[in-house]
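# Reading the structure
The residues making up each chain are set out below.
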There are 2 protein chains.
Amino acid sequence: MTTPANSPKFRVVILGGGFGGLECCRRLADRPDLEITLVDRQNHHLFQPLLYQVATAGLAAPDIAQPTRAILSDQDNAQVLMEEVQSIDLAQNSVSTPDRKLPYDYLVIALGVQTGYFGHDEWAQYCIGLKSLADATTLRANILHAFEKAEAAETPSDSSRLLTFVVVGGGPTGVEIAGSLAELSKKALRGNFRNIDPSKTKIILLEANSRLLHTFPEHLGEYAKAKLGEMGVEVMLNARVEEVGEGFVRVPSVTIDTDNIIWAAGVEAPPLTRTLGCELDHAGRIKVQNDLSIPGQSNAFAIGDISHLVDANNMAVPALAPAAIQMGRHVSTIILNETRLMRSGHSDRSLPRLRGDFKYRDKGTMATIGRSAAVASTLGTTMTGLTAWVMWLLIHLILLVGLRNRLVVLLNWIFAYVRYNPGARIITSTRPEPPPSRHDHTY
Amino acid sequence: MTTPANSPKFRVVILGGGFGGLECCRRLADRPDLEITLVDRQNHHLFQPLLYQVATAGLAAPDIAQPTRAILSDQDNAQVLMEEVQSIDLAQNSVSTPDRKLPYDYLVIALGVQTGYFGHDEWAQYCIGLKSLADATTLRANILHAFEKAEAAETPSDSSRLLTFVVVGGGPTGVEIAGSLAELSKKALRGNFRNIDPSKTKIILLEANSRLLHTFPEHLGEYAKAKLGEMGVEVMLNARVEEVGEGFVRVPSVTIDTDNIIWAAGVEAPPLTRTLGCELDHAGRIKVQNDLSIPGQSNAFAIGDISHLVDANNMAVPALAPAAIQMGRHVSTIILNETRLMRSGHSDRSLPRLRGDFKYRDKGTMATIGRSAAVASTLGTTMTGLTAWVMWLLIHLILLVGLRNRLVVLLNWIFAYVRYNPGARIITSTRPEPPPSRHDHTY
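Notes on the structure in this doc start here. (Residues numbered from 1 in each chain as written. Chains lettered and ligands numbered in written order. Predicted model: local features only at pLDDT ≥ 70, side-chain atom pairs only at ≥ 80, totals over all residues. Heavy atoms only, no water.)

## Description of the overall build of chain A
- Check the secondary structure of chain A and you find 12 helices and 26 strands.
- For 443 residues, the compact-globule formula gives about 22 Å, and the C-alpha radius of gyration of chain A, at 23 Å, lands near that figure.
- Oriented by its inertia axes, the alpha-carbon framework of chain A measures out at about 75 × 45 × 45 Å.
- Out of the 443 residues belonging to chain A, those deemed buried represent 59%.
- Here the contacts in chain A between residues at least 6 apart in sequence split such that 66% fall between residues at least 24 apart.
- Entry remark: accessible area of chain A is about 17500 Å², with carbon and sulfur atoms responsible for 50%.
- Charge-centre separation for chain A: the mean point of 43 positive side chains lies 5 Å from the mean point of 45 negative side chains. (Helix = DSSP H or I, 4+ residues; strand = E, 2+ residues; numbered from the N terminus. Rg over C-alpha atoms; globule rule 2.2 N^0.38 Å. Buried < 20%, exposed > 50% of the residue type's maximum accessible area, 1.4 Å probe, protein only. Contact = heavy atoms within 4.5 Å. Areas by Shrake-Rupley, 256 points an atom, 1.4 Å probe, with all protein chains shown as cover. Lys, Arg positive; Asp, Glu negative; His and termini not counted. Charge placed at Lys NZ, Arg CZ, Asp CG, Glu CD.)

## Regarding the packing of aromatic side chains
Residue and element names in this part refer to chain A.
- Scanning the entire structure with this criterion turns up 16 aromatic pairs over all chains.
- Relative to F47, the ring of F19 lies with its centre 5.8 Å away and its plane at 75°, an arrangement referred to as edge-to-face. One end of the pair, F19, is in helix α1 (residues 19–27); the other, F47, is in the loop between β3 (44–46) and α2 (51–55), with 28 residues separating them in the sequence. Just as F19 is buried, F47 falls in that class too.
- These aromatic residues form a ring-pair network of at least three members: Y117, F118, W123 and W263.
- Above the ring of Y417, the side-chain terminus of R371 is found at 4.1 Å from the ring centroid. (Phe/Tyr/Trp six-rings, centres within 6.5 Å; stacked < 30°, edge-to-face > 60°. Lys NZ or Arg CZ within 6 Å of the ring centre and 35° of its normal.)

## Observations regarding the environment of A:K149
- Along the polypeptide, A:K149 turns up in helix α4 (residues 133–152).
- As a C-alpha pair, A:K149 and A:I306 span 157 residues in sequence and 39 Å in three-dimensional space.

## Observations regarding the interface of chain A and chain B
- Each side of the interface is counted separately: chain A has 56 residues, and chain B has 56 residues.
- Roughly 4600 Å² of surface becomes buried between chain A and chain B when both sides are summed, with 54% attributable to carbon and sulfur atoms.
- Between the two partners, chain A and chain B, sit 2 salt bridges.
- Here B:E148 makes a salt bridge to A:R69, at a shortest N to O gap of 2.6 Å.
- Counting every contact that joins chain A to chain B gives 20 residue pairs in polar contact (both at pLDDT 80 or more). (Buried area = accessible area lost by both parts, 1.4 Å probe. Salt bridge = Lys/Arg side-chain N within 4 Å of Asp/Glu carboxyl O. Polar contact = N/O pair within 3.5 Å; in protein donor to acceptor, adjacent residues only side chain to side chain.)

## What about the pattern of salt bridges?
All names here are of chain A.
- The full count for this structure, using the stated rule, is 38 salt bridges over all chains.
- One salt bridge in this structure joins R404 and D63, with 3.9 Å as the shortest N-O distance. With R404 in helix α11 (residues 403–419) and D63 in the loop between α2 and β4 (65–67), this pair connects stretches of sequence that are 341 residues apart. The same class applies to R404 as to D63, namely buried.

## Some words on the sheet that holds strand β16 (residues 248–251) of chain A
Residues and elements named next belong to chain A.
- Strand order across the open sheet formed by 3 strands is β15-β16-β17, with antiparallel pairing between neighbours. Bordering the open sheet on either side are β15 (243–245) and β17 (254–257), each of which pairs with just one other strand. Direction aside, neighbouring strands of the sheet carry axes that sit 15° apart on average.
- One ladder, built from 3 bridges, connects β15 with β16; its direction is antiparallel. Looking at the pairing, E243 lines up with R250 of β16. (Pairing = 2+ DSSP bridges. Axes fitted to C-alpha atoms, helices over the stretch in contact; angles between N-to-C directions.)

## So, the relation of the copies chain A and chain B
- Mapping chain A onto chain B is achieved by rotating through 180° and translating by 0.0 Å along the same axis, at an RMSD of 0.0 Å. Classification of the inter-copy transformation places it as that of a two-fold axis.
- Of the interface residues in chain A, 100% have counterparts in chain B that sit at the interface too, so the contact is made through matching surfaces. (Least-squares fit on C-alpha atoms with pLDDT ≥ 70 in both.)

## Quick word on the sheet that holds strand β1 (residues 10–15) of chain A
All names here are of chain A.
- Pairing is mixed across the open sheet formed by 6 strands, whose spatial order is β5-β2-β1-β9-β22-β21. A single partner strand is all that each edge strand has here, and the edge strands are β5 (78–82) and β21 (293–294).
- Here 5 bridges tie strand β2 (residues 34–40) to β5, and the two strands are oriented parallel to one another. Pairing of V39 across the sheet is with L81, part of β5.
- Relative to β2, α1 is tilted by about 160°, and along the sheet it contacts β1, β2, β5 and β9 (106–109).

## Focus: the packing of helix α1 (residues 19–27) of chain B against helix α8 (residues 321–343) of chain B
All names here are of chain B.
- Taken N-terminus to C-terminus, the directions of α1 and α8 make an angle of 35°; their axes are 7 Å apart at the nearest point. As for how α1 packs across α8, the hand of that crossing is right-handed. Within the contact between the two elements, α1 uses F19, G20, E23, C24 and R27 and α8 uses A321, A324, I325, G328, R329, V331, S332 and L336.
- Per-class residue counts for the contact of α1 with α8 are 7 nonpolar, 3 polar and 3 charged. (Left-handed = near helix turned anticlockwise from the far one by under 90°. Nonpolar A, V, L, I, M, F, W, Y, C, P; charged D, E, K, R; others polar.)

## Regarding the nonpolar core
- Membership of the largest hydrophobic core comes to 65 residues, with the highest contact counts inside it found for A:L50, A:I64, A:L205 and A:L228.
- Not counting the four nearest positions on each side in its chain, A:L50 is found in contact with A:L59, A:I64, A:W392, A:H396, A:L400, A:V409 and A:W413.
- Of all hydrophobic cores here, the second largest spans 64 residues; its members include B:A61, B:L205, B:L393 and B:L400. (Core = buried A, V, L, I, M, F, W, Y, C linked by side-chain atoms within 4.5 Å.)

## Overview of unusual backbone geometry
Residues and elements named next belong to chain A.
- Even without being a glycine, L213 presents a positive backbone phi close to 50°.
- Along the polypeptide, L213 turns up in the loop between β13 (202–206) and α7 (218–230).
- For L213, a relative accessible area of 1% corresponds to the buried category.

## Quick look at the pairing of β16(A)
Residues and elements named next belong to chain A.
- Going residue by residue along β16, you find V249 and V251 tucked away on one face and F248 and R250 left uncovered on the opposite face.
- Remark: 2 residues form the turn of the hairpin made by β15 and β16, two consecutive strands paired antiparallel; G247 in that turn has positive phi of roughly 85°.
- Strand direction decides the pairing type here: β16 and β17, joined by 4 bridges, are antiparallel. If you follow V251 over to β17, its bridge partner there is V254.

## As for the side chain of B:T164
All names here are of chain B.
- Inspection of the secondary structure assignment puts T164 in strand β12 (residues 164–168).
- By relative accessible area, T164 is classed as buried at 4%.
- Sequence-distant contacts of T164, that is, excluding residues within four places in its chain, are made with K202, I204, I256, D257, T258, D259 and N260.

## Observations regarding the state of the cysteines
- If you walk through the whole model with that rule in mind, you get 0 disulfides over all chains.
- Among the cysteines around B:C24, which has no disulfide bond, B:C25 carries the closest sulfur, lying 7.3 Å off. (Disulfide = S-S within 2.5 Å.)

## Examining the packing of helix α10 (residues 385–399) of chain A against α11(A)
Residues and elements named next belong to chain A.
- In contact at an axis separation of 9 Å, α10 and α11 are set at 155° when each is read in the N-to-C sense. One element, α10, and the other, α11, form an angle in the roughly antiparallel class. The residues of α11 that touch α10, namely those facing W389, W392, L393, H396, L397 and I398, are R406, V409, L410, W413 and Y417.
- Considering only residue class, the contact of α10 with α11 consists of 9 nonpolar, 1 polar and 1 charged. (Parallel < 35°, antiparallel > 145°, perpendicular 65-115°, else oblique.)

Shown next, in the form of structure tokens:
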């Protein structure tokens, strides 16, 4: 890396305005000698932890998103480009979008991941993943349409296939979707139909492992399974999906007839990472060094879900918002320190030695299951039930960006709690949409 | 009409769950001897008066809609079909959807209207109308994309074409869209961009007549024009659109280069009315008799925007929600009375004599222009400014269905007022959508 000779400023290019990219960008705000460009194909920062509530009609899409431009409107050293990243040339220090080339002095890749099908890309056409607001509103429309079509169905077998929802993947997202589907069908839609009984809806949660929530302590997975069972969700463990097709999912023991397959089983890095020429893990994530830089590229970093790191504490950094935020902070510190030293005349040769190793500070993980039921694992202890649920609600409200969104979400939660009545059961298009192309919406 | 011989119940089919159809349906709730089917291609009742606020990013789509099924969940004598009406056979007393045939004893046509282009259907591809939530979210995405594309534009002329919004039609909808576009660009987006100045956005309101709001008293139109002018909207009167094409609108005096044409100039009845064999007005609306029945069809009624009537007071009934509601109520009274008499053995020959004529009770009209500015004409007096605006806010909050929606909308309005910061500036798809097909979303 060289100090920028022709440019009077250090050019920082950040790809992706998720938790990691945005945190990094905001931490660089006070330095007029930086020229930051944040590139994102969406116009908003998305609060992904609540995305499943948009998909299951509890919240409206704008409630969990903020325009990236609005968030950064006061940050004079940053500009936002709503464009798609087309290629990254690490050797030439530049990024290309369809319309322009962006040279950089520092690059931060924070593009996140997309829904992955373990090499079975052909399954994508039968499933809906959940990574973007477009995914969520499509899923919402499809779920609501399934009930409408079942109400109008001519044979019991049509109706039963329409009212069978299969959620693939028993991690936090799968558990949360299955739980809120159960509440939607068994509580909120009660009395809405004349020909079908929505409480008879079959919700099946498939997990390839021998337990749910396998990144959580074991008894929390058992609690989740029991709780989901009470709510009417059929949990199938050791049920690795063998085939997905039009109207069915096959697992070792059984073929399930269903028109609704929700895929929460896997993610993979966007295909772009394969063009970088650096080492990737099995899901295409960039294996970064302890300082989060890409090996051999001291001025290019990968953070958040798109990165793969076993950190200096020998802990695999999980794909969670807090990890992405911490990584964004770590990289911002490196950029701030190094550019300050370079400005004051230091040779850049000594810089790498100044870099600290990234260490993930694990504040815990949590997942909500349903009304008054959640699990949390934090600071060496675990919690379940109402306590965990209230904690979950509070933490998510606090982390949500924007007071308006916080209040609207709180209001929606209160109504949903008091009346079992999620407020966004609206289909905005007139017919079921096909699943969005995976590459359309995911970074 | 005959009393239903084979059916033990009177079958009432209501087409459309807007203000008129829903009111009619709910008024029939207490009669177990009625079997009501409400058909709508949307799954929700839409509060159209606030649709422009979804289009201009002030509200989220679910905030102004309620699932029709939820509204009617307690009404045991009614079922909802989410289907498209394909044909109506008045002679055979039946309605067809793609999946079924619905025989009726009473029919209520309340399908509303769709955007109309005065015979220039080819203009539709260049314009966006505003009749459904799909229209509104598409318009929102296109408006926000226009700013994004302008920020990235390479030439000043591209940028200026992208930042020119033409609103066609100076009625309440056109005035409301133009006003909120002005607030969006000149206030809310301030500071969000680096290459463009959104406050330089050109907003042009075209009106073919010699004044705005020509259904209101004259000085209210003048007030609206002056107020819009202060807000930076260019109002062009006597500007009938002569041609619309890719990137331009031509009016007698000038051709305007623009990528954003919002059509609020006209409506027409859905094409279905032309198959009924009854007399229609120039916009395809059904000319009904004073009791709101279709001439020659004493058991089939048309209400709301799809009907055309000069009422018993010699007043042309306007295409407004209150008129549709009153009409729905009028028809429900006829159905309640007649079926009760028929049940008790009266000959149906005497029934038409029992029918009262519909008389529209004009409670006034209002339109909002912007922050603290509205016009209202009610009970012989007129109002402008803050008083009218507060009245507008209160009335719309009260009329909105559902406490949750009322509170969320109120919250959004407070934030928009205090912070000039509409809360839904979110693009859920990744690229600008083409205008929805007119026939896709309109009834």
